[in-house]
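In case you want the letters, here they are:
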Amino acid sequence: MNTMMSLSGTVRNLSVERKLTLVLLVIMVLMPLAVFIVLQSGGAGQATNVLIGLIVASIILLVPFAKWMSHVLALRAIRELNDQCQRLKEGKYEGIDLPKGSDEGHDFQKLKWNMHWMGYTIATREIRLRRAMADLSQAQRQIGESLGYASLIQTSFLPRREDLFDYISDHFLIWEQRDVVGGDAYWFRPTRNGFLLGVIDCTGHGVPGAFMTLIVTSLLQKATEDTESPALVLARMNGLIKDALHQNGRDARSDDGMDCALCHVDRGKGCLTFAGANTPLYVLGGDGVEIVKGDRCGLGYVRSSKDFEFTEHDVEVGEGKRFYLASDGLVDQVGGERGFPFGRTRLMEFIDRERTSPIAAQGIDLAEELRRYQGEERRRDDITIIGFEL
């Protein structure tokens, strides 16, 4: 019995070519030789009986023998390989056992070896990928938590909304950063007869832009220590940023700065004084919307002259007038059917069309108008706009 099992295992491990050779040897050599010996040793009648018996046995055993031969030659190995492929497809790499023997056997055995090591390689790489994904998820969570806390810090540098309402009861504010933190900010400081109010657009987005807002809001406190003049404040900020970032020469390692719209409201005189660095003031009056342009000079950049003198514009404060300070993120936002920027014209038309709406409601409607116009387009820049009436 053990001898038969050993012989069966030996035959099973033979290559397909050797199995076929063995079968052909039995059919074409051994069986005819056996028949020939029988014919030689017996009479014609006995030979006829042997031939008839062989024919009947062949007919009866043809189908079972064919199935057994196909199983011995290939089907068993093919089923095992298909089972391995199915486990690989389901991701059950660890369920693929290493074939017995070595990889020097017949073709199917070599293929089973290759399938085993392919599964092992995939499983190993999947484990490494899972570890890398876990590390990436942890890093992303830490970065997200850091950005969330950075957002709190940046927000703490901004004026409190309560202070704005104390001095400007009728106003709206839209402050939307493109990322968690960004380079836009708004600034407010009470003065003896009124207040200073500004919108700031710093270089960059995200974390670099947020760092710039912290720098410039701190410098603004220094620039406004003894003056209420928007033009003088901008001139001082130009120099302070250059000095803080070491951008006084062409060999500077950075070229960062900000654009700004800054105004001072003197309630006693009933006058608004405006100065801008690449940023305008929008004024809604009885004749429509007017743009008061700022100077074409940024603050703190290498190319910005340190001696540049900014221009002040005095605007009379009257009943029915509204004033708007906005960074360029609003007018530069693309959208609509043709993917064009929102633009100053569309902003001015909206302001004029909504002139009878309460100023707070106008801000809500403007934010909704921008969202509709943006549609599926991605946000291009940080957006800040303050609208108010006195």
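Conventions used here
- Residues numbered from 1 in each chain as written.
- Predicted model: local features only at pLDDT ≥ 70, side-chain atom pairs only at ≥ 80, totals over all residues.
- Heavy atoms only, no water.
- Helix = DSSP H or I, 4+ residues; strand = E, 2+ residues; numbered from the N terminus.
- Buried < 20%, exposed > 50% of the residue type's maximum accessible area, 1.4 Å probe, protein only.
- Contact = heavy atoms within 4.5 Å.
- Axes fitted to C-alpha atoms, helices over the stretch in contact; angles between N-to-C directions.
- Parallel < 35°, antiparallel > 145°, perpendicular 65-115°, else oblique.
- Left-handed = near helix turned anticlockwise from the far one by under 90°.
- Nonpolar A, V, L, I, M, F, W, Y, C, P; charged D, E, K, R; others polar.
- Pairing = 2+ DSSP bridges.
- Salt bridge = Lys/Arg side-chain N within 4 Å of Asp/Glu carboxyl O.
- Core = buried A, V, L, I, M, F, W, Y, C linked by side-chain atoms within 4.5 Å.
- pLDDT = per-residue confidence, 0-100.

Description of the overall build of the chain
No. 1: Counting secondary structure elements, the chain contains 10 helices and 12 strands.
No. 2: Evaluated residue by residue, the chain yields a buried proportion of 39% over its 390 residues.
No. 3: Long-range contacts, defined here as pairs at least 24 residues apart, represent 66% of the contacts in the chain between residues at least 6 apart.

Remarks on the packing of helix 6 (residues 206–223) against helix 7 (residues 230–245)
No. 1: At a minimum axis distance of 10 Å, the contact between helix 6 and helix 7 shows a crossing angle of 130°. As summarised for this structure, helix 6 and helix 7 are arranged oblique, according to the angle between their axes. For the pair helix 6 and helix 7, the sense of crossing is right-handed. Residues Met 212, Ile 215, Val 216, Leu 219, Leu 220, Lys 222 and Ala 223 of helix 6 lie in contact with helix 7, whose contacting residues are Val 233, Arg 236, Met 237, Leu 240, Ile 241, Ala 244 and Leu 245.
No. 2: Classifying every residue of the contact of helix 6 with helix 7 by side-chain character gives 12 nonpolar, no polar and two charged.

Here's the deal with the pairing of strand 6 (residues 281–285)
No. 1: For strand 6, a buried count of five out of five residues is recorded, marking the element as mostly surrounded by other parts of the structure.
No. 2: Burial along strand 6 is two-sided: Leu 281, Val 283 and Gly 285 and Tyr 282 and Leu 284, pointing in opposite directions, are all buried.
No. 3: Taking the residues that link successive antiparallel strands as the turn, the strand 6-strand 7 (residues 288–292) hairpin has two residues.
No. 4: Across four bridges, strand 6 lies against strand 9 (residues 322–326) in antiparallel orientation. Each residue of the ladder has a partner; that of Leu 284, found in strand 9, is Arg 322.

What about the pattern of salt bridges?
No. 1: One pass over the full model with this rule turns up 13 salt bridges.
No. 2: Here Lys 306 and Asp 243 are joined by a salt bridge, their closest N and O atoms 2.9 Å apart. Remark: Asp 243 occurs in helix 7 and Lys 306 occurs in the loop between strand 7 and strand 8 (313–316); sequence separation between them is 63 residues.

Section: the nonpolar core
Where a protein is soluble and globular, its nonpolar side chains tend to be buried together.
No. 1: Ranked by internal contacts, the top residues of the largest apolar core, which has 47 residues, are Leu 197 and Met 237.
No. 2: Leave out the neighbours within four places in its chain, and Leu 197 touches Leu 164, Ile 168, Trp 187, Phe 188, Ala 261, Leu 262, Cys 263, Leu 325, Ile 386 and Phe 388.
No. 3: Ile 174, Tyr 282, Leu 347 and Ile 383 belong to the second largest nonpolar core, which has 20 residues in total.

A look at the sheet that holds strand 3 (residues 194–202)
Backbone hydrogen bonds are what pair the strands of a sheet, in a parallel or an antiparallel way.
No. 1: Read from one edge of the open sheet, five strands run 2-3-4-5-8, paired in antiparallel fashion. Each of the sheet's edge strands pairs with one partner strand only, and the pair in question is strand 2 (184–190) and strand 8. Between one strand axis and the next, the sheet turns by 20° as a mean value, whatever way the strands run.
No. 2: Sheet analysis places strand 4 (residues 258–266) next to strand 5 (residues 271–277), joined by seven bridges and oriented antiparallel. Paired with Cys 263 across the two strands is Phe 274, which belongs to strand 5.
No. 3: Relative to the sheet, helix 6 contacts strand 2, strand 3 and strand 4, its axis offset from that of strand 3 by approximately 150°.
No. 4: On the sheet, helix 7 packs against strand 3, strand 4 and strand 5 and is oriented at approximately 150° with respect to strand 4.

A look at the confidence of the model for the chain
No. 1: Looking at the chain, the pLDDT average stands at 84 and 74% of residues meet or exceed 70.
No. 2: Here helix 1 (residues 2–12) stands out as the least confident element of the chain, with mean pLDDT 58; strand 9 is the most confident, with 98.

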